[in-house]
Amino acid sequence: MTLVLNFQGAGAGNSSLQDKATKTLLLRIFAGFWILGLLNNSAYVIMIAGANEIAASAVGLVYLFAIGPTIIVKLSAPYWFHLVGYSTRFWVAAALMSCSFIIVGCSKSMTKQLLGVGLVAIQGGLGEASALGLCSLYPNQLSLTAWSSGTGFAGIAGYAWVAVLHYWLGLSYKATLLLANVMPVAWLAVFHLGLQRLKPSQLSKAAVEYQPLPVTAAAEAQEAAADVAAPADAGEPALRLRAASGVRPGHARLELSSSPSSSDGQAHDQHPHHHHQQQQQQRLLPSGAQSSSALSPAGSCHLGGSSAEATPEHQQHRCSSPQHHEQQQHDASAMTFKQRLQVTLQLWPYMVPLFVVYFAEYAMQSGTWTAIGFPVTSADARHRFYLYSNWMYQAGVCVSRSSGMLYQANRMVLWLMPGLQCLLLAFFTIDAVTHTWYNWGLLSLCFLAGLLGGAVYVNSFTLLSKEVEPGLREFSLSAACVADSLGIACADVAAIAIQGCLFRWQNLPGAAYSCGST
């Protein structure tokens, strides 16, 4: 059998059984990544929701331990992820999640509890960077939207877990955390039983490469010849796996393709931005790689047999096209440290919007919204606004992170949204002092802040997946995700100063930092 997963699109004479099988697989992929996103971020949210239980007199330390290790993992991930397979990373993330719940729940020492918070931070960073890279093995926009939507709902689900079990049902915080150990079990079940297309034993060492289906006439002719030689059953979609060039045994990926065009002219008509995308991808190649690898995705070859047979010698035997070496995709696993750093830095068009939008929204959450209340002099009123504003923000995030299949922002819009978020930060800061618009109607702007933040998150990764050279797509998705964590960390520091200054200007007590004090 041939290794490429291909579903012929509508209009190619597909039967209703084919359509049903395709929809079932798409639903399975979407549900799998949605649940992974939900579980990955819920663990972090549960720790944040219980920050007062962990360190009532030093909540800031909980936030610091919840984000610091995440940044370290995400910063270092591009330089060692290619050495550790997905299965290993997912098992480590599950173990870290479980250990964090046990340590924080069972320990009496604040030091040990903070250690547990640090473990969940490592898990969150490892899980996010790994899952985003994993999205490159599946239909990109579908899987990235599902992951983003799940992470967006995690904010609501995490707080609900603590609220329902701890506050409403009266369970101890220890019991609330220990019951959360169902999450790492579900995390592993979704990965192994829901998403892995091959047996776990085959993928335990995988570091899968992304490679798109061919779009050139020559490659389409090869696809058509393969389809004629091994026609799919009339009642089933054509299931084939494509192995990326240069991958080790067990490396494969999933993709959905539309029916091929019949001529070279049609191919160009169906891909009017192909040359522009090549130019975008060219800028994201490390120096020295551009001359040795082509940007066209047509250089893939079909490998007979199972993925375990995909040795370099086997590939050389199968790849008989004279254009193969010219069309070969750049192999991210072969890049040097310098090349990895260079590619990461060249991802700034996607990382800067992520950093800015997260900085602005978390500065609002932790800074300006803490100094708003009706009336502001009442600590209970400020607490109520802070609670409701964060719920509205989370609702906005959940909605917009689920919109990836409905709208794809271009670079201009992607950069415009963080600018609007900064305007909201400025407005809330000024309004907290002047009380120009000072009623519960402000919650609508809190919802808007969530919409902007979630939209930048999902559109940054979906746009990246479209513009970055396919051989670097998996690497780039994992590398770019550090931007949001850096934005959160900087915002946490800035929020201390913002809250202190707003409290002083309004003569409010209780701020950890007094603006202008010596």
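- The name an unreviewed UniProt entry assigns to the chain is Battenin, from the organism Tetradesmus obliquus.
- What UniProt records for the chain under Sequence similarities (unreviewed entry) is the sentence "Belongs to the battenin family."

1. Section: the UniProt feature "transmembrane region" (unreviewed entry) in the chain
Step number 1: Here the UniProt-annotated "transmembrane region" (unreviewed entry) positions come out as residues 25-48, 54-73, 80-103, 115-138, 150-169, 175-195, 412-430 and 437-457.
Step number 2: Split by type, residues 80-103 is 75% helix and 0% strand. Its first and last C-alpha atoms lie 27 Å apart.
Step number 3: What you have in residues 412-430 is 100% helix and 0% strand, and the ends, taken at the C-alpha atoms, are 27 Å apart.

2. Some points on helix H17 (residues 379-401)
Step number 1: Here H17 is 23 residues long and its end C-alpha atoms lie 33 Å apart, about the 33 Å a rise of 1.5 Å per residue gives.
Step number 2: Among all positions of H17, only Ala381, Arg382, Phe385, Ser389, Asn390, Tyr393, Gln394, Gly396, Val397, Cys398, Ser400 and Arg401 are buried.
Step number 3: On the buried face of H17, the contacting elements are helix H6 (140-168), helix H16 (348-366), helix H19 (443-467) and helix H21 (482-505).

3. Let's talk about the pattern of salt bridges
Step number 1: Evaluated as defined, the whole model comprises 3 salt bridges.
Step number 2: A salt bridge links lysine 74 to glutamate 128; the shortest N-O distance between them is 2.4 Å. Of this pair, lysine 74 sits in helix H3 (residues 59-76) while glutamate 128 is found in helix H5 (residues 110-134), placing the two residues 54 residues apart along the sequence.
Step number 3: On the accessibility criterion, lysine 74 (1% relative accessible area) is buried.
Step number 4: Residue glutamate 128 is classed as buried on the basis of its relative accessible area of 8%.
Step number 5: Notably, a salt bridge pairs aspartate 484 with lysine 74, separated by 3.2 Å at the nearest N-O pair. Of the two residues, aspartate 484 is situated in helix H21 and lysine 74 in helix H3; the sequence distance between them amounts to 410 residues.

4. Here's the deal with the confidence of the model for the chain
Step number 1: When pLDDT is averaged along the chain, the result is 75; 68% of the residues meet or exceed 70.
Step number 2: Predicted confidence in the chain is weakest over helix H9 (residues 200-203), with a mean pLDDT of 34, and strongest over helix H18 (residues 411-434), with 96.
Step number 3: Confidence drops under pLDDT 50 across residues 1-14; counting only partners more than four residues distant or on other chains, this segment forms 57 contacts.
Step number 4: Across residues 198-274 the pLDDT falls below 50, and counting only partners more than four positions away or on other chains, this stretch makes 184 contacts in the model.

5. Focus: the environment of valine 352
Step number 1: Examined against the element boundaries, valine 352 turns out to sit in helix H16.
Step number 2: Judged by relative accessible area, which is 31%, valine 352 ranks as partly exposed.
Step number 3: Sequence separation between valine 352 and leucine 414 is 62 residues; the distance between their C-alpha atoms is 9.9 Å.

6. Observations regarding the nonpolar core
Grouped burial of nonpolar side chains is what soluble globular proteins tend to show.
Step number 1: By size, the foremost hydrophobic cluster in this structure holds 106 residues, and its most contacted members are Phe33, Met47, Leu134, Trp369 and Phe461.
Step number 2: With 11 residues, H19 is the largest single contributor of residues to this core.
Step number 3: Those residues within four positions of methionine 47 in sequence are excluded, and the remaining contacts are Ile54, Val62, Ser100, Phe101, Val104, Val117, Val120, Tyr173 and Leu177.

Parameters at a glance
Residues numbered from 1 in each chain as written. Predicted model: local features only at pLDDT ≥ 70, side-chain atom pairs only at ≥ 80, totals over all residues. Heavy atoms only, no water. UniProt positions renumbered as here; feature names shortened; annotations may be inferred. Helix = DSSP H or I, 4+ residues; strand = E, 2+ residues; numbered from the N terminus. Expected span 1.5 Å × (residues − 1). Buried < 20%, exposed > 50% of the residue type's maximum accessible area, 1.4 Å probe, protein only. Contact = heavy atoms within 4.5 Å. Salt bridge = Lys/Arg side-chain N within 4 Å of Asp/Glu carboxyl O. pLDDT = per-residue confidence, 0-100. Core = buried A, V, L, I, M, F, W, Y, C linked by side-chain atoms within 4.5 Å.

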